[in-house]
Amino acid sequence: MNQPIMHAYQINGDGTGTLLEGDDVSQVIRADQLAWVHLDATMPETREWLMREVSYLDPLVLDALLADETRPRVLEHEQGILMILRGVNLNENSEPEDMVSIRLWADSHRIISLRRRKLKAVQDLCDRLESGRGPKNSGEFIAGLSNALFERMEPVFSELDERLDDIEEKALEHSESVERRAINKIRRQAIIFRRYVAPQKDAMALLRNSEAEWLDVRHRRRIQEAHDRLTRYVEDLDAIRERAQIIKEEISAALADTMNKNMYILSVIAAVFLPLGFLTGLLGINVGGIPGADYDLAFAVFCGLLAVIVLAQIVLFKFKKWF
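It should be emphasised that the depicted structure is a prediction, and the values quoted were computed from it without experimental measurement.

Visitor: How should the side chain of Asn89 be read in this particular structure?
Guide: Counting through the fold element by element, Asn89 comes out in the loop between β5 (80-87) and β6 (100-106). If sequence neighbours within four positions are ignored, Asn89 has contacts with Ser94, Glu95, Pro96, Asp98, Met99, Val100 and Arg117.

Below, the structure written as structure tokens:
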């Protein structure tokens, strides 16, 4: 049978972790030593493994860990905590706003995490454990994983803000050359990011106030830092969304002004040629009695009359300040 285990470590309490394989995983996960097991939630064997190795998990917790679709949240259950968080998707050929979830059960002796897609924050934790700079207990693990997830969001949000700055600068110089699709994409990304970041801020607030005894003051302080970071992210995303909407409205207004100016020019031209068209149409009806039909200079006189009418119109429009 295929094993759903992606990573398994015994956390030694000094920042190091011992890699676990085979039967060692089952032995350590059932002992009082702190162990972390990271599972692939897409494999059908994962549910069976959890029911066998962590049999005390409530069925509701088990279903939440294995759900296809999740929303960020924190739930306390007896002496453990269920956490569902999301990080930006930094995998190759992926969109950052297609955020990747990690599901986590933690208590004082074991940490069970599950993922459906690769998450670089998990690999960061593995690297830190192998280099001796990893978490020493469950509280440090949760605080460290949360901060690792949220730190990776900052460059993505900064890049989003810089793209909007470039569009805004371009719009101030040449609004007609700015593609509104680019603005719509930025605004859509900000909306999607906020949809998942805002609930995580609330989840961190619940985690900070958790009654779990294995979360001490230092852990809660780091969780508070993560909460403050997420609060700033939410404010930044709101600002990006509002700025994108304002820039879009400014571009639309600039395009409308250009359209109105062009229509005004066409209206003035039409007004100038309206009486000329009337006179030429009137004299072109080909019936008897048309003035000047037998006069050789009638055409020149008529053209001169049209010129006088045009000049009179221009003077009138200037006087009325129509252009």
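Visitor: Got a minute to help me understand the pairing of strand β1 (residues 5-11) in this structure?
Guide: Moving residue by residue along a regular strand, the side chains alternate between the two faces of the sheet. Note: β1 against strand β3 (residues 35-40), 5 bridges, orientation antiparallel. What sits directly across from Gln10, in β3, is Ala35. Relative to strand β2 (residues 17-19), β1 runs antiparallel, the two sharing 3 bridges. Looking at the pairing, Ile11 lines up with Gly17 of β2. Linking β1 back to β2 in an antiparallel pair, the connection comprises 5 residues, with Gly13 at a positive phi of about 90°.

Visitor: When you look at the packing of aromatic side chains in this model, what are you seeing that I'm missing?
Guide: Where two aromatic rings form a pair, the distance of their centres and the angle of their planes describe that pair. Scanning the entire structure with this criterion turns up 4 aromatic pairs. Measuring from centroid to centroid gives 6.0 Å for Tyr9 and Trp36, while their planes differ by 15°, and the two rings are stacked. One end of the pair, Tyr9, is in strand β1; the other, Trp36, is in strand β3, and 27 residues separate them in sequence. With respect to burial, Tyr9 and Trp36 carry one shared label: buried. What links up through ring pairs into an aromatic cluster is the set Tyr9, Trp36 and Phe141.

Visitor: Sorry if this is basic, but what is going on with the layout of surface pockets here?
Guide: Rolled over the atoms, a probe sized like a water molecule indicates the empty space that remains. Size it by volume and the largest pocket reaches roughly 290 Å³. If you trace the largest pocket, you find 14 residues lining it, with Leu125, Arg128, Gly144, Ala148 and Arg222 closest to the centre. Those elements giving two or more residues to the lining of the largest pocket turn out to be α4 (120-130) and α5 (138-151). In terms of residue class, the lining of the largest pocket is built from 3 nonpolar, 3 polar and 8 charged. Size it by volume and the second largest pocket reaches roughly 210 Å³. Around the second largest pocket sit Leu283, Ile290, Pro291, Gly292, Tyr295, Ala298, Phe299, Val301, Phe302 and Leu305, which together line it. Taken together, the residues of the lining of the second largest pocket sort by class into 9 nonpolar, 1 polar and no charged.

Visitor: What is the right way to look at the pattern of salt bridges in this model?
Guide: As a working rule, side chains carrying opposite charge can pair if their charged atoms are close by. Summed over all chains, the structure comprises 21 salt bridges. A salt bridge links Glu53 to Arg52; the nearest nitrogen and oxygen atoms lie 3.2 Å apart. Taking the relative accessible area as the measure of exposure, Glu53 reaches 8% and is therefore buried. A relative accessible area of 36% places Arg52 in the partly exposed class. Across the pair Asp238 and Arg194 runs a salt bridge, and its minimum N-O distance is 2.5 Å. One end of the pair, Asp238, is in helix α8 (residues 217-282); the other, Arg194, is in helix α7 (residues 180-208), and 44 residues separate them in sequence. A relative accessible area of 17% places Asp238 in the buried class. Residues joined by salt bridges that share partners form a network here, namely Arg30, Glu48, Arg52 and Glu53.

Rules used in this analysis
Residues numbered from 1 in each chain as written. Predicted model: local features only at pLDDT ≥ 70, side-chain atom pairs only at ≥ 80, totals over all residues. Heavy atoms only, no water. Helix = DSSP H or I, 4+ residues; strand = E, 2+ residues; numbered from the N terminus. Contact = heavy atoms within 4.5 Å. Pairing = 2+ DSSP bridges. Phe/Tyr/Trp six-rings, centres within 6.5 Å; stacked < 30°, edge-to-face > 60°. Buried < 20%, exposed > 50% of the residue type's maximum accessible area, 1.4 Å probe, protein only. 1 Å grid on protein atoms, 1.4 Å probe; cavity = no way out; pocket = protein on both sides within 12 Å on 5 of 7 lines; lining within 4 Å. Points joined across faces, edges and corners; volume = space filled by probe spheres on them. Nonpolar A, V, L, I, M, F, W, Y, C, P; charged D, E, K, R; others polar. Salt bridge = Lys/Arg side-chain N within 4 Å of Asp/Glu carboxyl O.

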